[in-house]
Amino acid sequence: MDRIVQQYGDSLMRICFLYLKDVYLAQDAVQDTFLKIYRNYHKFDTNSSEKTWIMRIAINVCKDYLRSAWHRKVNVQEVLDEIPTHSETHEDDTILIEIMRLKPHYREVILLFYYQDMKISDIAQVLGAPESTVSVRLKRAREQLKKRLEDWYEDD
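The rules we used
- Residues numbered from 1 in each chain as written.
- Predicted model: local features only at pLDDT ≥ 70, side-chain atom pairs only at ≥ 80, totals over all residues.
- Heavy atoms only, no water.
- Phe/Tyr/Trp six-rings, centres within 6.5 Å; stacked < 30°, edge-to-face > 60°.
- Buried < 20%, exposed > 50% of the residue type's maximum accessible area, 1.4 Å probe, protein only.
- Core = buried A, V, L, I, M, F, W, Y, C linked by side-chain atoms within 4.5 Å.
- Helix = DSSP H or I, 4+ residues; strand = E, 2+ residues; numbered from the N terminus.
- Contact = heavy atoms within 4.5 Å.
- Salt bridge = Lys/Arg side-chain N within 4 Å of Asp/Glu carboxyl O.

Enquirer: Mind showing me how you'd approach the packing of aromatic side chains here?
Expert: Each aromatic ring pair is described using two quantities: the centre-to-centre distance and the angle formed by the ring planes. As enumerated under the stated definition, the model contains four aromatic pairs in all. Considering the side-chain rings of F44 and W53, the 5.1 Å spacing of their centres and the 45 degrees angle between planes classify their relative orientation as tilted. Judged by centre distance (4.8 Å) and plane angle (80 degrees), the ring pair of F113 and Y114 falls under edge-to-face. Here F113 falls in the partly exposed class, since its relative accessible area comes to 23%. Since its relative accessible area comes to 41%, Y114 is described here as partly exposed. One aromatic cluster is present, built from ring pairs that chain together Y41, F44 and W53.

Structure follows, in structure tokens:
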């Protein structure tokens, strides 16, 4: 478990925060994810990727939290300062804000592809969707982001 916590802890925190938009809920979700991993590691199929399996658990935990009665809407702008990142400095959160505004099925493929460096085949496995569906969602999400960010990147 120590290896898993060290290897995946930061990635899980990022993905859970980006799903839940609340740092405290994300911390709880990461803890629940680790508990589920601990309880079910004997069921892990060694033919698949450990990272894919762990991310699938985390996403399912986050979806459960979003369905729960005590989940509340959080203003994305207010919590961006709390995002756990690799670096300490955030110069411009425009892209992240726009990603957070995407519909959940578009947001999740963007987060897994760009923030977790997962391949389309792995994302399909995590989401339990065909690769073609993941590819289409990724394409549509990119198109939406491109349209929303057009003014932003033309200014640079």
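Enquirer: Looking at this structure, I do not really get the nonpolar core. What am I missing?
Expert: Side chains of nonpolar character tend, in soluble globular proteins, to be buried together. In this structure, L12, I15, C16, L112 and L127 are the most contacted members of the largest nonpolar core, which totals 47 residues. Elements with a contribution of two residues or more to this core: helix 1 (2–20), helix 2 (23–40), helix 3 (50–67), helix 5 (94–101), helix 6 (104–115), helix 7 (120–127) and helix 8 (131–148). Apart from residues lying up to four places away in sequence, C16 is in contact with K21, A26, A29, V30, A58 and C62.

Enquirer: Sorry, what's going on with the pattern of salt bridges here?
Expert: Where charged atoms from two side chains of opposite charge approach closely, those side chains can pair. Going through the model one piece at a time under the given rule, you end up with six salt bridges. Here R3 makes a salt bridge to E50, at a shortest N to O gap of 2.8 Å. Pair noted here: R3 is in helix 1 and E50 is in helix 3, with a separation of 47 residues, a long-range link. E50 gets classed as buried once you look at its relative accessible area, which sits at 14%. Salt-bridge contacts for E108 lead to K63; the nearest nitrogen and oxygen are separated by 3.6 Å. You can see E108 sitting in helix 6 and its partner K63 sitting in helix 3, a full 45 residues away along the chain. K63 gets classed as partly exposed once you look at its relative accessible area, which sits at 27%. Salt bridges linked by common partners bring K63, E108 and R137 together as one network.

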